[in-house]
Amino acid sequence: MNKIYNIYKILYENYGPQGWWPITGYGYHKLDYSFPRESNEIFEVCLGSILTQNTTFASVVKSLNNLHVKSALHADAIESMDIDELKEAIRPSGYFNQKTEYILEFIKFYKSLKGATPTREALLHVKGVGEETADSMLLYGYNKREFKVDAYTKRLLIELGFADEKTKYSEIKSFMQSSLKECVKDEKELRIIYQEFHALIVEHGKHFYSKKPYAKGCFLKDII
DNA sequence: AGCCAGGCTACCG
DNA sequence: CGGTAGCATGGC
């Protein structure tokens, strides 16, 4: 058992299963690791992945609910919405002008897939979809084994001595994936761990890696 | 009042 | 290539 897998175990013991990605439009259901998701759920995860860029998920839920009450939590409905109405609906998530553009760009791409799973490379060509958003869609929407790296992940790894400020997204991602692969051979189990681990890091990050100085009170520092 | 949030693009040197 | 301004709302 390497240190990264050990971190996962400790976080899991402390916070329990997180059950990401929570689906809002059809009722929150925790711990649903089914595969594949229904197509509307995949779309909701992708939409949420764009909306959650640099904001809190609570704000995203408001936006998703705004769309849901308009029966507009689907690609076609959003695409045919009045653009100002769409902006108003997603306003709570911030950057609503940019995100409206991103969402409409993504919907064009999403519909062109006709239900197929996109490659990561193709996703990265969609305006508004960067590495983290692409991995978020693939990991939580399409249930693919793509570890999602965020600011908390990087801060945690820096604090524990596994990375520095210059470490790139791709380096952190492959480090996390290769570490976990050493310990977990079953592919489905590995995918679920990717899903849980990122969520656990976020939960842990909210406690100890939001305010500077980071890591104050982080119990992982004493163990790892 | 100010900082932070489940980032990305455009543009700069 | 790396570094940074701009994007915007809501919560604490």
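For the structure, check the block above.
Residues numbered from 1 in each chain as written. Chains lettered and ligands numbered in written order. Predicted model: local features only at pLDDT ≥ 70, side-chain atom pairs only at ≥ 80, totals over all residues. Heavy atoms only, no water.

All right, on to the protein's contact with DNA strand B then. Lining the immediate environment of DNA strand B, one finds 27 residues, of which Trp-20, Trp-21, Asn-54, Gly-130 and Thr-133 sit closest. Counted by atom, the contact set of DNA strand B within 4 Å of the protein is 61% sugar and phosphate. Secondary structure elements with two or more residues in the surface near DNA strand B: α6 (96-113), α8 (131-141), α9 (151-159) and α11 (187-208). Ranked by residue count, the leading element in the surface near DNA strand B is α8, at three residues. A breakdown of the residues in the surface near DNA strand B according to their chemical character gives ten nonpolar, ten polar and seven charged. (Near = heavy atom within 4 Å. Helix = DSSP H or I, 4+ residues; strand = E, 2+ residues; numbered from the N terminus. Nonpolar A, V, L, I, M, F, W, Y, C, P; charged D, E, K, R; others polar.)

A word on the protein's contact with DNA strand C. All residues adjacent to DNA strand C are Asn-54, Lys-62, Arg-91, Pro-92, Gly-94, Tyr-95, Phe-96, Asn-97 and Gln-98. Among the atoms of DNA strand C lying within 4 Å of the protein, the sugar-phosphate backbone contributes 55%. With respect to DNA strand C, the side chain of Tyr-95 contributes an N or O atom lying 2.3 Å from a base nitrogen. Residue Gln-98 places a main-chain N or O atom 3.1 Å away from a phosphate oxygen belonging to DNA strand C. The element that contributes the greatest number of residues to the surface near DNA strand C is α6, accounting for three residues. By residue class, the composition of the surface near DNA strand C is three nonpolar, four polar and two charged. (Polar contact = N/O pair within 3.5 Å; in protein donor to acceptor, adjacent residues only side chain to side chain.)

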